[in-house]
Structures are given as C-alpha cells and as structure tokens.
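Now for the letters of each chain:
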Amino acid sequence: MNSLSITILKRIFPFLALLLFTVDADAQRRKKKKQITEPVKIVDTIPAYTIAINRQVMHEKVEKEQNSLLSIDGKADKVLTISADEQLNAAVTDAATKRVDWLQYEIETSPTIDARLKANYLNGLATILKYVKTYSRSRQSALNYLPQVIAAYKQLIEANTQQKSIAPIIQPLSFEIANAALQPEVFKDNSGYNDVRDLMILKTADRYPEKAFAALKAYPESPVADSLIRVIGHKYPYLVYDYAQANNKFSYRIQNIEDDSLIVHIVSMARNPNKSGQFYFPFLDNIVKGKITMEDIDKAKTDPVKYFRLLVQTQIDYTQRALNGDTAMGHTALLKKLEQKAKDDFVAKINGLHEMSDGVRFRCLQPLTAEELYYVAVLTNGLIYTSSYTNGVYPLMMRKANQKGDELLKKINFDHYRKFLSQAASYNTLRNFLGSFSNNADATDLMKAFVTGLEKTNGLEDGVDVADSYASISETLPDLAKDMLANVKVNLDRNHSENNKKGIAIYDILYNLFLSADSSNHIDLTSKLDIPPVYNVPFSTLTNENGEVISQVFFYGDQDGRNIFNGFLNMFGGGNWKIDGSNKQWVVIKSTKGKPVSIYANRPLDENKGLDDKAQRALNDYLDEQNLHPTVTIHRGHSYYAEATIGYMAPTSKIVFMGSCGGFNLIDSILKKSEDAHIIASKQIGRTSINKPFFYLLTEKLRTGADIDWIPFWKEFKGRANVAGFEDYIPPYKNLGAIFIKAYKKETGETDV
C-alpha cells in the first residue's frame, strides 16, 4: 500500500486502514434512526419570485419529478407514506415538497450563482428526485434519507458556487445520502472531485463491500485500489475471481498483486486457459493450504457423482473447521456450488421425470452416499418436489444410513440440521427420522437444541426454520409441538434473565406464533406483535385513489409458460372481464362489472432471446409512468424464475402468490420488497388444477369488493381445488416464517437481518 493510500484510508475511514470492515451494528442502527427521525422543520412560506424564461422548463421538470415521487405509495396526493413510522413519513414528505420548493427558490434567486450553474443545479435537483424514486424499491433506499439528501445537495451547491472543495461535505455522510446527492453530474469540475471519488469508493466498500469492485473497475487508478483488493479479496474471494477474468485495467491491477498468496491462487484459477476455474474455486482454502491440488480436482470434475462427492467431503471438512473457530476462505462459494450441483445434476433430473417409474426417475441417485443424499435434500429446499423427496431422496438416504438418522447427523457435523428438520416436518418425515435414533433421549435433546440458542446464530434463517416447522408439527405431531412450545418458553425466560434483547425478540415472537397455531388460544397476532393483519387483507388496502385494484402477473417464455399463459387468458370470459391484447409485450384484463380491477400480464416471449425479461421491464416502466402500483403480484413460472419476479415486483404488493416458492431467502427477499405482503407459497411447482381455482376465486373476490379473509377463503379454495397437491400450498396465516420475519423487523427496527 503506498503512502497516499494510507493517508486517505486514515483520514477518511481509520478502521479500513486496519483492514477491518466490522462496524458496531447497534451504533450504526442508532445513527440511522437518529438521521431519519430528526424533527421536521417547517419551512416558511416561499416569497413570490420570477423565474427566468429559459429556466422555466427546468422548474417544470423538478415539479414533475416531485409529483411522480409523491405517487409511489399508490396515491397521487401531497403525502408520501413509505412506512408505518409517521414521523419518517412526515419528514420525507416535507423534504419532497417544502424543502425541494425552497431549494428551487434559493437557486433561482441567488445573486452569486451564474445562469449556467442555475440551470445545472435545477436539472440536478430533478435528477436526484428521479433517482430516489427509481430506486425506492431497494433495501436501503435513499428515500428514507431524503431530508438529508436535499440538505447535502444544498451544501454541495454552496461549496461549489464558492469554488471550495466538496470533499469535506461528502466525508461524514453515509453512503446512501452521499450517493444520492452526487447523482447529478454537476460537480465534476470541482477541485475536490478526485478526493470525492476515493471517498465514495471507500464508502461503497464499507457499506456494500461486494459492490466496491464495480466502483474500482470504473476508477482502477484509485490510490486505494490495491489495499481494497486485498481486504475485500480475503473476505469475498469470488469477486477477485470474477474480475480477474476480464481484460481491462482493473483486472491487470489485480493480476499485478504478487505478494498475496490468496490473490495469486485466485488469479491463476481465473486465468486458467482451460476455463476450469469455476471447478477449482470452491476448494480455494484447501488449495492454498496444499491439502488438495488442481490435478486432484481434474480427476473428478467431469463426473457429476465424483465431483459432488468431493464437494460434500470438503463441506464436511469446512464445517468441522468452523465448529473449531476456523472459517475456511471461500466456504460460501463452496456451498453455492454444492447447491448448484445438487439442483442441476440430481434434483432437476428427478423433478423432470416425475411422470416416470421410480426405477427410472431415481436412477441418478443410486451411486450417492447417505451424506451426499442429505445435501441433495437440504440444499434444494423449496425446489425439490414433494414426491422427489418422499419417494426418492429421503427413503434412499435412510436406507444407505442403515436407518440411523442420529449417526448420519454426526457424520455431517449437524450441518444445516435445523433446515433439514424443518424440511422433514414439512414433508411429514420427521416422525420417521426421529424414530430412527438409537436412543429416544437423543431425539428429545435434538429437538431441544432445534429451538435453543437462536439468539447466537447469524441472521434469522435458523429462527425462520423453527417457525416454519411448527405449523406442520402441530398438525402431525401434537406431543412434539407441545414440547417445542415449552422449550421456547424456557428459552424466552432464559433470555429475559440474561437481558439479551435479540433473544427476547426471537423467542417472544416464536412463543406467540406457536400459541396462535391453536385457535382455542385466541391470540391476536396483530396487536400482540404489532404487525399488520395476518388473517385478512381489507379490500380498501388493495385499491388506489381511484378505487382500482392493480394486479401484475409474471410469465416466462419456456414451453410451460406459454401453455399456462394461454390457459390463464381463457379464465376471463363470461362477460365480467375484457381482455386488451393490443400491446405486443403485455396484455391487460379489466373487469366490466363490479369494482374496477385491472390485471397486467407480460407475454411469455422467447426466453432464449431474453424477450420475456424485456417484456417484464417494459411493463414495469409503463406502470411507473402511468402511476399504476400493483397491490397483487402473481408469479407463474418454475422456481428458478422466482428471484426474477421478486426483483421486479412492486413494493406496494399486499398479496404475493409464488406458485413455486420455498425457503428463507425467497420469503425474506419478498418481505424486503414489501414488508406487509401476505405470501401464498407452494412446496413445489404450481399445478394448473390448483392455481386456476385460486386465481378465479381471488379475482372474483376483488371484482366484488370483498375483503380477503384467509381462513374462509382457504376453505372455499379447497372446495374448488381439493386435488392431489393441494396440501403443498401454504396460506399466509400458516406461513409462520414470513410472519416471524415481519414481527422481528417490527420489534427491532432492523432491515438487514
């Protein structure tokens, strides 16, 4: 690291100079809360002023972006409602209206700003508002900090007008505020702009380490580049691998680091002439330590079973090391590769052969060991079909484990055991699995451990697994459910005695969720956990200011998607609906009787050419331009398309149907886009014989203006679709994992969990 790098690192982020990226999370959260809940300052009435004719269009542009931003909550009024926090809503509304209006006035009437800069600053203000609106769906939206963004932009204007460096203004700001305030490209000639570029790279590295390399790619000559490559490379080695493959200035800078063994090994893999680096990378730590060679991997990489076996052996090794406090470099990449191979080489095959005989369908599983089958099951949770699990993977795994589930867990170091137990509960194999233990006391201890120590785990995934399991356990294993409830209460009391706030939040939520599963307890989760209604969605919350319900359906351009799309359109006949198919990329279905309901669905155009994605993006752009904000989102496609739907879904969504949704990551991703969403999930691919009655019932309820009361709705739904596979569909009030995440975030105020 050169002296300039050290100077900048120490001056801006001293902790980065020590090559640490850890931050006091509690302090950061307190700082954020202070930033976004500062008292709203009422701006005095703006004096009348004259706008220069040649700048009239700039002011109109700002006003247009103001109105567009104010409408993102689904209501084209002067109030911006972005959360349940009224103080935050008031502050953001004040910034989007009065503070913007006042800044327009100050720019236009300033005697020290020349005409060129006035035009640039006004255009820049419109750019900021557009940026904030465009990215309002992101996890850490700048919209939450709009008062600070406008204030920062005003300070930047003042410094730039006085020909002073803007770097001191940017230095103390958070990434979100600084990034939004710098969106206008009006400060590039400022004397401090190069310092600002370095500042923003460091802020990016601090807030979003995984995005820092993208910033460095655009500015590879940055004096902080080498130090950040080392720091981030050791924490996220796959980034070094990805960027080292290219032929550009930043790639060459990575390749020129020759005094770091890890970086050198990664570059060697990335630049491998046989393009085999992706096969080696999961074994990075063992390669660096000399425990395995690339030649060893070469012997297995072309054989799906041998390569998967090598991955599993390494995962078990890395898990044992983690238990001993030694985290292997690249462990995350190994797990991702395991998930990919489990899905692509095994589960995708047996899912795709679901209509074939078991002998044909499960042939590819026969060479696998019990441990390997365990990982096939647990790492494809939410993707594996019920029949693939219950008829194939699970019984074969138990047979190869000699019907000794306890011994199997010991061999894999209890890796992902909470996920596995939750999955077994969901597929009704938990009784069989626990019954295979040599000692009943061990099974009891395992289930105690299942609900114990959740406050010590990273994130919420383990807590979600416990929550998700209870609905199934309470229905099939009532005695075990009673024990789980008692153990949760023990953990709640323990965390109270230890004054562990995270533990208190987790176990208080679980305790109330478990109690509510028994209807005789009459637990009102809405008031008890201070969350939106769980059992119903009032019709009034689904309509916009015109009383219209906007629904959006996502289709994909594979053969199944095209067939489903045609069947979907055929549902809307009988004189109650009208289909407008005039657009080449999407269709619009509108009710002709009852309440106004509009359903927008992209056409399932050729996925191989990316046309389905283009259609979805075009439809999203159209909805934004027309200020149409969907409150109902429906995913119609295989599970591997689910993340794309979530990426495009509107944050205003209140009802989200995922025809093939499972696992913590998808639920969490949905709730990060729309924190109040009621999620309908399926354990496997959606069935037309079930989906069609659901869509019909839902749209008819909406057309008639009825509230969606899930318990009677589900009873009526079952009456219409009581066929094989119905039990795989989970109603929102039984989606305890989703409720758990909502309640935890509400209780703690955390967004990144």
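Below is a summary of the structure that appears in this document. (Residues numbered from 1 in each chain as written. Predicted model: local features only at pLDDT ≥ 70, side-chain atom pairs only at ≥ 80, totals over all residues. Heavy atoms only, no water.)

**Re the overall build of the protein**
This is how it is decided: The helix and strand labels rest on DSSP assignments: H or I over at least four residues marks a helix, E over at least two residues marks a strand, and numbering proceeds from the N terminus. Here the radius of gyration uses the C-alpha set of atoms, whereas the globule reference equals 2.2 Å times the residue count to the power 0.38. Any pair of residues with heavy atoms lying within 4.5 Å of one another is described as a contacting pair. The accessible surface values rely on the Shrake-Rupley method and a 1.4 Å probe; as for residues, cover is taken only from the protein chains in view. The convention is simple: Lys and Arg are positive, Asp and Glu are negative, and His and the chain ends are not counted. One atom stands in for each charge, and that atom is NZ of Lys, CZ of Arg, CG of Asp or CD of Glu.
Helix and strand content of the protein: 38 helices and ten strands. Over its C-alpha trace the protein gives a radius of gyration of 28 Å, about what one expects of a compact globule, namely 27 Å for 753 residues. With respect to the three principal axes, the spread of C-alpha positions in the protein is 85 × 70 × 60 Å. In the protein, once contacts between residues fewer than 6 apart in sequence are set aside, the share between residues at least 24 apart is 67%. A total accessible area of about 33,400 Å² is found for the protein, and carbon and sulfur atoms account for 49% of it. Between the averaged position of the 92 positive side-chain charges in the protein and that of its 88 negative side-chain charges there is a distance of 2 Å.

**Examining the packing of helix 4 (residues 56-70) against helix 6 (residues 115-134)**
Applicable threshold: Only C-alpha atoms enter the line fits that serve as axes; for helices the fit covers just the stretch in contact. Angles between N-to-C directions range over 0 to 180 degrees. Each angle receives one of four descriptions, namely roughly parallel if under 35 degrees, roughly antiparallel if over 145, roughly perpendicular if within 65 to 115, and oblique otherwise. Handedness of each helix crossing follows the sense of rotation of the near helix against the far helix: counterclockwise by less than a right angle gives left-handed, clockwise gives right-handed. Residue classes follow a fixed rule: Ala, Val, Leu, Ile, Met, Phe, Trp, Tyr, Cys and Pro count as nonpolar, while Asp, Glu, Lys and Arg count as charged, and any other residue, Gly among them, counts as polar.
Contact geometry for helix 4 and helix 6: axes closest at 9 Å, N-to-C directions at 15°. In this view, helix 4 runs roughly parallel relative to helix 6, as classed from their interaxial angle. Considering only the axes of helix 4 and helix 6, their crossing is left-handed. Of the residues in helix 6, those in contact with Met-58, His-59, Lys-61, Val-62, Glu-65, Gln-66, Ser-68 and Leu-69 of helix 4 are Ala-119, Leu-122, Asn-123, Leu-125, Ala-126, Leu-129, Lys-130, Val-132 and Lys-133. Of the residues belonging to the contact of helix 4 with helix 6, the class tally is nine nonpolar, four polar and four charged.

**Things to note about the sheet that holds strand 7 (residues 655-658)**
Put simply, the test is: For two strands to be treated as a pair, DSSP must find no fewer than two bridges joining them.
Spatially, the eight strands line up as an open sheet ordered 3-4-5-2-6-7-8-10, and their pairing is mixed. Taken across any chain shown, the strands that pair with only one partner, and hence form the sheet edges, are strand 3 (577-580) and strand 10 (729-730). Pairing of strand 8 (residues 678-682) with strand 10 involves two bridges; the strand directions are antiparallel. Within strand 10, the position partnered with Ala-681 by the bridge is Ile-730. Sheet contacts for helix 33 (residues 611-625): strand 2 (549-555), strand 4 (586-591) and strand 5 (597-602); angle to strand 5, the most-contacted strand, approximately 150°. In the packing of helix 36 (residues 688-703) onto the sheet, the strands contacted are strand 2, strand 3, strand 4, strand 5, strand 6 (632-636), strand 7, strand 8 and strand 10, and the crossing angle to strand 6 comes to about 165°.

**A look at helix 38 (residues 736-748)**
How we decide: By this rule, a helix spans an expected 1.5 Å times one less than how many residues it contains. Residue burial is assigned from relative accessible area. The probe radius is 1.4 Å, only protein chains are included, and a residue is buried under 20% of its type maximum, exposed over 50%, and partly exposed in between.
Look at helix 38: 18 Å from first C-alpha to last across 13 residues, which is about the 18 Å you get at 1.5 Å a residue. Burial runs high along helix 38: ten of the 13 residues are buried. Within the span of helix 38, buried status applies to Leu-736, Gly-737, Ala-738, Ile-739, Phe-740, Ile-741, Lys-742, Ala-743, Tyr-744 and Lys-745. Positive backbone phi, at 80°, marks Gly-749, one or two positions downstream of helix 38.

**Here we look at the environment of Thr-633**
Stated precisely, the cut-off is as follows: Whenever a nitrogen or oxygen atom comes within 3.5 Å of another N or O atom, the pair is scored as a polar contact, on the condition that within protein one atom can donate a hydrogen and the other can accept it, and that pairs from neighbouring residues in sequence are kept only if both atoms are in side chains.
On the secondary structure map, Thr-633 appears in strand 6. Distance from Thr-633 to Phe-657, taken between C-alpha atoms, is 6.3 Å for residues 24 residues apart in sequence. Those residues in contact with Thr-633, other than ones at most four positions away along the chain, are Gln-552, Phe-554, Thr-645, Met-649, Ser-653, Ile-655, Val-656 and Phe-657. There is a polar contact of 2.7 Å between the side chain of Thr-633 and the side chain of Ser-653.

Just distances and angles here, no functional claims.
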